[in-house]
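Each chain is listed here by its residues.
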Amino acid sequence: AAFAQTTETGTPVAFADLVALLERIFRRHGTSERVAAILAENCASCERDGSTSHGVFRIPGYVNSLKSGWVDGRAEPTVEEAGPAFLRVDAANGFAQPAFLAARDRLLEMVRESGVAVMAIRNSHHFSALWPDVEPFAREGLVALSFVNSFACVVPPGGKAAVYGTNPMAFATPVAGGDPMVFDQAASSMANGDVRIAAREGHTIPPGSGVDRDGKPTTDPKAVLDGGALLPFGGHKGGSIAFMIEVLAAALTGGKYSREVDWSAHPGAETPCTGQLFIVIDPERGGTGAFADRVAGLIGEVKQAGQDRMPGERRYARRVRTLRDGIPLAPARLAELRALAGD
Ligand code: NDP
Ligand code: PYC
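Residues numbered from 1 in each chain as written. Chains lettered and ligands numbered in written order. Predicted model: local features only at pLDDT ≥ 70, side-chain atom pairs only at ≥ 80, totals over all residues. Heavy atoms only, no water.

Before going further, it helps to examine the domain arrangement of the protein. According to the domain assignment, the protein contains domain 1 (1-67 + 312-343) and domain 2 (78-151 + 166-184 + 238-308). Taking the mean C-alpha position of each, domain 1 and domain 2 sit 23 Å from one another. Across the contact, 22 residues belong to domain 1 and 22 residues belong to domain 2. Interface area lost by domain 1 to domain 2 is led by Asn42, Tyr62 and Tyr316, which between them contribute 26%. Inspection of the region where domain 1 meets domain 2 yields three salt bridges. (Domains from an automatic or database assignment. Contact = heavy atoms within 4.5 Å. Buried area = accessible area lost by both parts, 1.4 Å probe. Salt bridge = Lys/Arg side-chain N within 4 Å of Asp/Glu carboxyl O.)

Attention now goes to the site of ligand 2. Ligand 2 sits among His54, Arg58, His126, Phe127, Ser150, Thr166, Ala191, Asn192, Gly193 and Pro272. Histidine 54 places a polar side-chain atom, nitrogen or oxygen, 2.7 Å from a nitrogen atom of ligand 2. In the model, an oxygen atom of ligand 2 is placed 2.9 Å from a nitrogen or oxygen of the glycine 193 main chain. Mapping ligand 2 onto the cavity grids shows that it belongs to the largest pocket. Broken down by class, the residue content of the shell around ligand 2 amounts to three nonpolar, six polar and one charged. (Near = heavy atom within 4 Å. Polar contact = N/O pair within 3.5 Å; in protein donor to acceptor, adjacent residues only side chain to side chain. 1 Å grid on protein atoms, 1.4 Å probe; cavity = no way out; pocket = protein on both sides within 12 Å on 5 of 7 lines; lining within 4 Å. Sits in = over half its atoms within 2 Å of the grid points. Nonpolar A, V, L, I, M, F, W, Y, C, P; charged D, E, K, R; others polar.)

With respect to the helices and strands, the residue phenylalanine 151 is situated in the loop between strand S5 (143-148) and strand S6 (169-173). Along the backbone, phenylalanine 151 and leucine 87 are 64 residues apart, and their C-alpha atoms lie at a distance of 24 Å. Ignoring sequence-local partners within four residues, the contact set of phenylalanine 151 consists of Tyr164, Gly165, Thr166, Asn192, Ser258, Val261, Trp263 and Pro272. (Helix = DSSP H or I, 4+ residues; strand = E, 2+ residues; numbered from the N terminus.)

It is worth spelling out the packing of aromatic side chains at this point. Taken as a whole and assessed by the stated rule, the structure comprises nine aromatic pairs. Centre to centre, the rings of tryptophan 70 and tryptophan 263 are 5.9 Å apart; their planes meet at 70°, and the pair counts as edge-to-face. Within this pair, whereas tryptophan 70 is found in the loop between helix H3 (59-67) and strand S2 (78-83), its partner tryptophan 263 is found in the loop between helix H8 (236-251) and strand S11 (273-281), the two being separated by 193 residues in sequence. Measuring from ring centre to ring centre gives 4.3 Å for phenylalanine 100 and phenylalanine 278, while their planes differ by 10°; the resulting arrangement is stacked. (Phe/Tyr/Trp six-rings, centres within 6.5 Å; stacked < 30°, edge-to-face > 60°.)

Moving on, we come to unusual backbone geometry. Backbone geometry places alanine 92, a non-glycine residue, at a positive phi of 55°. When you line up the elements, alanine 92 lands in strand S3 (residues 86-95). On the basis of relative accessible area, alanine 92 is assigned to the partly exposed category, the value being 32%. Phi is positive for asparagine 123, close to 55°, though the residue is something other than glycine. Position of asparagine 123 among the secondary structure elements: in strand S4 (residues 116-125). Taking relative accessible area as the criterion, asparagine 123 reaches 26% and is therefore assigned partly exposed. (Buried < 20%, exposed > 50% of the residue type's maximum accessible area, 1.4 Å probe, protein only.)

A few words now on the nonpolar core. Taken as a class, soluble globular proteins show a tendency for nonpolar side chains to be buried jointly. Residues Leu107, Met119, Ile121, Val134, Phe137, Phe278 and Val280 are the most contacted members of the largest nonpolar core, which totals 29 residues. Elements represented by at least two residues in this core include exactly S3, helix H4 (96-114), S4, helix H5 (131-139), S5, S6 and S11. With seven residues, the top contributor of residues to this core is H4. Excluding residues that lie within four positions of it along the chain, leucine 107 makes contacts with Leu87, Ala117, Val118, Met119, Phe137 and Val280. One finds Val35, Ala36, Ala40 and Ile59 within the second-largest nonpolar core, a separate group that totals 28 residues. (Core = buried A, V, L, I, M, F, W, Y, C linked by side-chain atoms within 4.5 Å.)

Quick look at the sheet that holds S5 now. With mixed pairing, seven strands are arranged side by side in an open sheet as S2-S3-S4-S11-S5-S6-S7. Of all strands in the sheet, those bounded by a partner on one side alone are S2 and strand S7 (181-185). Strand after strand, the sheet turns through a mean of 15° between neighbouring axes, direction not considered. Relative to S7, S6 runs antiparallel, the two sharing five bridges. The residue of S7 that forms the bridge with phenylalanine 171 is phenylalanine 183. Strands S2, S3, S4 and S11 of the sheet are contacted by H4, whose axis makes an angle of about 170° with S4. (Pairing = 2+ DSSP bridges. Axes fitted to C-alpha atoms, helices over the stretch in contact; angles between N-to-C directions.)

There is about 1100 Å³ of room inside the largest pocket. Lining the largest pocket we find 48 residues, and of these Ser53, His54, Ala186, Ala191 and Asp194 sit closest to its centre. Elements represented by at least two residues in the lining of the largest pocket include exactly S7, helix H6 (192-201), helix H7 (221-225), strand S10 (229-230) and helix H10 (313-325). A breakdown of the residues in the lining of the largest pocket according to their chemical character gives 22 nonpolar, 18 polar and eight charged. Looking at which domains feed residues into the lining of the largest pocket, each of domain 1 (1-67 + 312-343) and domain 2 (78-151 + 166-184 + 238-308) supplies at least three. Its boundaries defined by the atoms lining it, the second largest pocket holds a volume of some 330 Å³. Considering the residues around the second largest pocket, the lining is formed by 16 residues, among which Glu41, Ser45, Pro132, Asp133 and Pro136 are closest to the centre. Those elements that place two or more of their residues in the lining of the second largest pocket are helix H2 (33-48), H4 and H5. The biggest single contributor to the lining of the second largest pocket is H5, with six residues. (Points joined across faces, edges and corners; volume = space filled by probe spheres on them.)

Right, here's the structure in full:
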């Protein structure tokens, strides 16, 4: 219960020390060494960059899912080639990131050969932000898209029953002379993680974000979590994006729809077992010879037109600060993490 949103105050912890601490937690709760290393780096990166809804706040959820037997922390993914530019990966009820990394090198070879490649992951648990999956592609000169569905907690516009997950999508592109432009956003008005943080901290959520168990609009996060649901962002337009993500991340990959996730036999489980799709493109195949420059030019125009910052810029700024000064963690949270690690 002491887990809540990271603030800029707290005990500064070096990134490498946080990774090592989280690795000990994962290993102690039944993951393989490889999975522990991948998840620890991923979760610590979220905390480092201020993606607090998917930082150390999520560690008890990972631990409870592992303890409940819902997710296999030692799963060995299998990778199949469905065509010259199409990889199919069965995560075998393990986490999505180790499955993704098991096939990533082959995906890159396919992109270099074909100009584009798809990776369709199924039977996978994704409990994190998506930007750590796509940002590195853009640093390698590629454009990347990823889509994940989650568990039913979002009603279609005008609906009463939750059908969709919060269903994030992320996009990353190289930018000449700068960091990649990356956006990573839920198809819902807000992430479920942020609703849970609001409930724990006693905050309301913005009007128009969710409904209670009777389908009535509410700003009470507890009413959303207790039988209510979130709404898609932007009315029917966000609803269509949520639909598309169910199709791409679940129907196409062979993963479960958000509505099909049934963890009732595993009390405490929190990691949705669904699917994830990647589309990675070599932009040089467009033949302009100036792709990254063109993107940089567009960003310049966007800013000149008045947008004060691009997606990703807040994260990059926080990354610089926390790598220099340490990642601030509330002492109670740090103590809980150490207890989970058995320190
Ligand atoms: P946010 O609304 O916080 O941010 C969405 C995107 O918009 C980010 O790229 C952010 O960049 C950018 N952004 C935010 N404010 C501005 C602004 N003023 N100007 C320009 N860009 C801006 O994200 P969500 O709440 O929708 O999602 C949070 C996280 O939760 C995501 O990382 C997502 O992947 C994750 N998630 C994971 C799920 C899963 O199933 N695994 C399910 C749902 C969500 P910046 O980061 O720099 O602020
Ligand atoms: O924050 O909506 C969310 C979420 C769902 C699964 C992982 N994160």
